[in-house]
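Single-letter residue listing:
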Amino acid sequence: MGRTPNTIELESLTVRYPPGVGTFLRSETARLMKAKGRQYSMNDVVREMIEAFRTMFGLPPQVVEVLEQERHKLKMDVHQYVSHLLFERYEQLRHGRK
């Protein structure tokens with residue numbers, strides 16, 4: 001399995017999750033290994049997902065700043081805001097706007 005380089009300080013956390021989450025994580029691990037051609041562990045996948053969520057999916061800082069301003073104006077947490085954006089995109093697609 002893939003390992004995080006020892007140069008990075010990591011904290012440990014044990015999390016219990018339902019079987020469906022485990023199935024999703026295992027399939028995501030397999031997908032990433034195939035797509036990126038390197039070993040991944042479930043820990044690697046969870047770390048990547050958390051980091052993506054924490055950093056607004058690696059968007060440039062200028063973009064994040066504008067989105068964060070709107071998020072605060074709407075009084076939403078990050079989860080609510082991402083759901084809001086996805087729903088708005090769904091509505092655009094449903095009504096034929098690209």
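Note on numbering: residues in each chain are counted from 1, in written sequence order. Local features are withheld for residues below a pLDDT of 70 in this predicted model, meaning they are given only at 70 or higher, and side-chain atom pairs are given and counted only at 80 or more; totals for whole chains, interfaces and linings count all residues. In computing side-chain properties, one takes all heavy atoms of the structure into account and sets aside hydrogens as well as water.

1. Quick word on the overall build of the protein
Strands are runs of DSSP state E lasting at least 2 residues, helices are runs of H or I lasting at least 4, and numbering of each runs from the N terminus. Scanning the protein from N- to C-terminus turns up four helices and zero strands. For the protein, the N- to C-terminal ordering of α and β elements is α-α-α-α. Put simply, the radius of gyration uses C-alpha atoms, and a globule should come to 2.2 Å times the residue count raised to 0.38. The globule rule puts the C-alpha radius of gyration for 98 residues at 13 Å, and the 17 Å found for the protein is more than 25% above it. Out of the 98 residues belonging to the protein, those deemed buried represent 18%. For the protein, restricting intrachain contacts to residue pairs at least 6 apart in sequence, the fraction spanning at least 24 positions comes to 32%. For the protein, the centre of its 16 positive side-chain charges and the centre of its 12 negative side-chain charges are spaced 7 Å apart. The buried label applies to any residue whose accessible area, calculated with a 1.4 Å probe on protein chains only, is under 20% of its type's maximum; exposed applies above 50%, and partly exposed to all values in between. Every residue pair with non-hydrogen atoms within 4.5 Å of one another is taken to be in contact. As used throughout, the charge tally considers Lys and Arg to be positive and Asp and Glu to be negative, leaving His and the chain termini uncounted. Every charge is mapped to an atom, namely NZ of Lys, CZ of Arg, CG of Asp or CD of Glu.

2. Structural notes on a nonpolar patch on the surface
The patch calculation keeps residues exceeding 30% relative accessible area without a salt bridge and links them within 9 Å when they carry like charges or within 5 Å when they are nonpolar (Val, Leu, Ile, Met, Phe, Trp, Tyr). All accessible-area figures derive from a Shrake-Rupley calculation using a 1.4 Å probe, and residue coverage is judged against the displayed protein chains alone. Here, a salt bridge means any Lys or Arg side-chain nitrogen found within 4 Å of an Asp or Glu carboxyl oxygen. A cluster of nonpolar side chains, contributed by Leu13, Val15, Tyr17 and Val21, occupies part of the molecular surface with about 390 Å² of accessible area. Structurally, Leu13 can be placed in the segment before α1 (19-36). Exposure remark for Leu13: the relative accessible area of 70% places this residue in the exposed category.

3. Focus on the pattern of salt bridges
Applying the stated criterion across every chain, the model contains five salt bridges. Between Glu68 and Arg71 there is a salt bridge whose closest N-O contact spans 2.7 Å. Highlighted residues: Glu68 and Arg71, both in helix α3 (residues 61-74), separated by three residues, approximately one helical turn. Across this residue pair, the class does not change: Glu68 and Arg71 are buried. Here Arg94 makes a salt bridge to Glu91, at a shortest N to O gap of 3.3 Å. With a gap of three residues between them, Arg94 and Glu91 both fall in helix α4 (residues 78-94), about one helical turn apart.

4. A word on helix α2 (residues 42-54)
Given a helix with a known number of residues, its expected span is that number minus one, times 1.5 Å. The end-to-end C-alpha distance of α2, which contains 13 residues, comes to 18 Å, matching closely the 18 Å that a straight helix rising 1.5 Å per residue would cover. Once α2 ends, the next one or two residues include Met56, with phi positive near 55°.

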